[in-house]
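Chain by chain, the residues run as shown.
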There are 2 protein chains.
Amino acid sequence: MYDMNKWQHIFKLDPNKEISDDNLEQICDSGTDAIIVGGTDHVTLDGVLHLLSRIRRYVVPVILEISNLDVITPGFDFYYIPMVMNSKDKKWMMDIHHHAVKTYGDVMDWDNVMVEGYCILNEDAKAFQLTNCTIPDEEGVLAYALMAEKMFRLPIFYIEYSGKLGDPALVKKVKQKLDHTLLFYGGGIHTAEEAKQMKENADVVIVGNSIYENFKQALTTVKAVKGEG
Amino acid sequence: MYDMNKWQHIFKLDPNKEISDDNLEQICDSGTDAIIVGGTDHVTLDGVLHLLSRIRRYVVPVILEISNLDVITPGFDFYYIPMVMNSKDKKWMMDIHHHAVKTYGDVMDWDNVMVEGYCILNEDAKAFQLTNCTIPDEEGVLAYALMAEKMFRLPIFYIEYSGKLGDPALVKKVKQKLDHTLLFYGGGIHTAEEAKQMKENADVVIVGNSIYENFKQALTTVKAVKGEG
């Protein structure tokens, strides 16, 4: 139905943050390839369902990024499961997932479930602290990318700087390691230029926080990444 | 070159244990589909290389199961990397592997590298204790199998009872969960009957310790599994 391999730009909406109907309409009709619903703090099932029902007025594909088991609900086009590769804890890589699969495994439509190999590279980010990450060196990041593709055959490797613009040179080196696994980049993209720069190396650029910080600028990232047409 | 999907029986040889030239010849010419070189205790590069050179006189495919980084060496047909899914430690699932990929990632021939999703189910086994495992309940084992296939797309899910014969009913239920991932069963197989029983549900039966305990019986497991022809 949707070909993720053609995606270039995704907006990430946080169910715990306010967005007006008008702004939501502009996001959904912006030409972005998909909307991810997900966040780190206080994500509730009510919040997720409310946001889903509002996005469903539009034709854009919607993805639930599962940050905790309480928010799993049918109705999304895809389900992304983060596997935090640079966490110190097995919990964020295997245990929560195991619990979820034990509970929901038999009713899951696995064609729509995708594991994201996350590498969180900003130590000030909430997600970094919550999942007890460590910062790998450059060779370490590249090795995680290789593991994501070659060992675990993950559809997505996600470099997350959450709140800070990352190093384009590193993103480029990671991209060179990947043949099949898509490279997602998220974090600190506020302007069209920043989006364009990151898109030069990542397959898909994710714009999240800036929606809530400078809405008009955030909207310009779509055309910057996907072109005018 | 080799089609692992057709394999039914594998002998596992421990570089830390003695085997005579005559017995080794009988193992290699037994009709088994492959030999895994691997063990838990005191596996050294010298031991691995010595065993490899002795097996290489025969045509049977040889696999190195990488239990520690010191023993990685070229010359094997395949490299199996255990990922211990029911370990409490991230170490046995990600960290050792990350270190290996950082060191050897760029020279690896990934077509010959396969991750085994291990589930170790005998708490008295050395491997269980070494890797700090916990025993999952039945639903937990089935969930690990689903994760191996659906989340990590692993080529192999390995139920390891190491030293004790496992529960055939559980092996059967695991097999029913798997469409693509091969089910390997190892542990406690001494007789032709035991091998046959486990092969009814597992794709591949691995015979290890009994080679060193009752050699003649161990040899009979090949025909029991693969038939006379």
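Since the model is a prediction, treat every value here as computed from it, not as a measurement. (Residues numbered from 1 in each chain as written. Chains lettered and ligands numbered in written order. Predicted model: local features only at pLDDT ≥ 70, side-chain atom pairs only at ≥ 80, totals over all residues. Heavy atoms only, no water.)

Draft legend 1. Here's a closer look at helix 2 (residues 45-55) of chain A. Residues and elements named next belong to chain A. Inspection of helix 2 places Gly 47, Val 48, Leu 51, Leu 52, Arg 54 and Ile 55 among the buried residues, and these make up the whole buried set. Across the axial projection of helix 2, the buried residues extend over an arc of 165°, all falling on one side. Relative to its buried face, helix 2 has exposed residues pointing more than 90 degrees away, namely Asp 46 and His 50. Where the residues of helix 2 are buried, they touch strand 1 (9-13), helix 1 (21-28), strand 2 (34-37) and strand 3 (62-65). (Buried < 20%, exposed > 50% of the residue type's maximum accessible area, 1.4 Å probe, protein only. Helix = DSSP H or I, 4+ residues; strand = E, 2+ residues; numbered from the N terminus. Arc of directions from axis to C-beta. Contact = heavy atoms within 4.5 Å.)

Draft legend 2. Region of interest: the interface of chain B and chain A. Counting residues at the interface gives 32 residues for chain B and 32 residues for chain A. Summed over both partners, the interface of chain B with chain A buries about 2900 Å², with 70% contributed by carbon and sulfur atoms. Of all residues in chain B, Lys 90, Met 94 and Met 151 of chain B give up the largest surface area on contact with chain A, accounting jointly for 22% of the area buried on that side. On the surface where chain B and chain A come into contact, there are four salt bridges. (Buried area = accessible area lost by both parts, 1.4 Å probe. Salt bridge = Lys/Arg side-chain N within 4 Å of Asp/Glu carboxyl O.)

Draft legend 3. Examining the UniProt feature "binding site: Mg(2+)" (unreviewed entry) in chain A more closely. Residue and element names in this part refer to chain A. Per the UniProt record, the feature "binding site: Mg(2+)" (unreviewed entry) sits at Asp 14 and Thr 40. Spatially, the listed residues are clustered: although they cover 27 residues, their C-alpha atoms lie within 8.3 Å of one another. Along the chain, Asp 14 turns up in the loop between strand 1 and helix 1. The contact partners of Asp 14, leaving out residues within four places of it in the chain, are Gly 38, Gly 39, Leu 51 and Tyr 212. (UniProt positions renumbered as here; feature names shortened; annotations may be inferred.)

Draft legend 4. Highlighting the environment of Ile 159 of chain A. Counting through the fold element by element, Ile 159 of chain A comes out in strand 6 (residues 156-160). The spatial distance from the C-alpha of Ile 159 of chain A to the C-alpha of Phe 184 of chain A is 6.2 Å, given a sequence separation of 25 residues.

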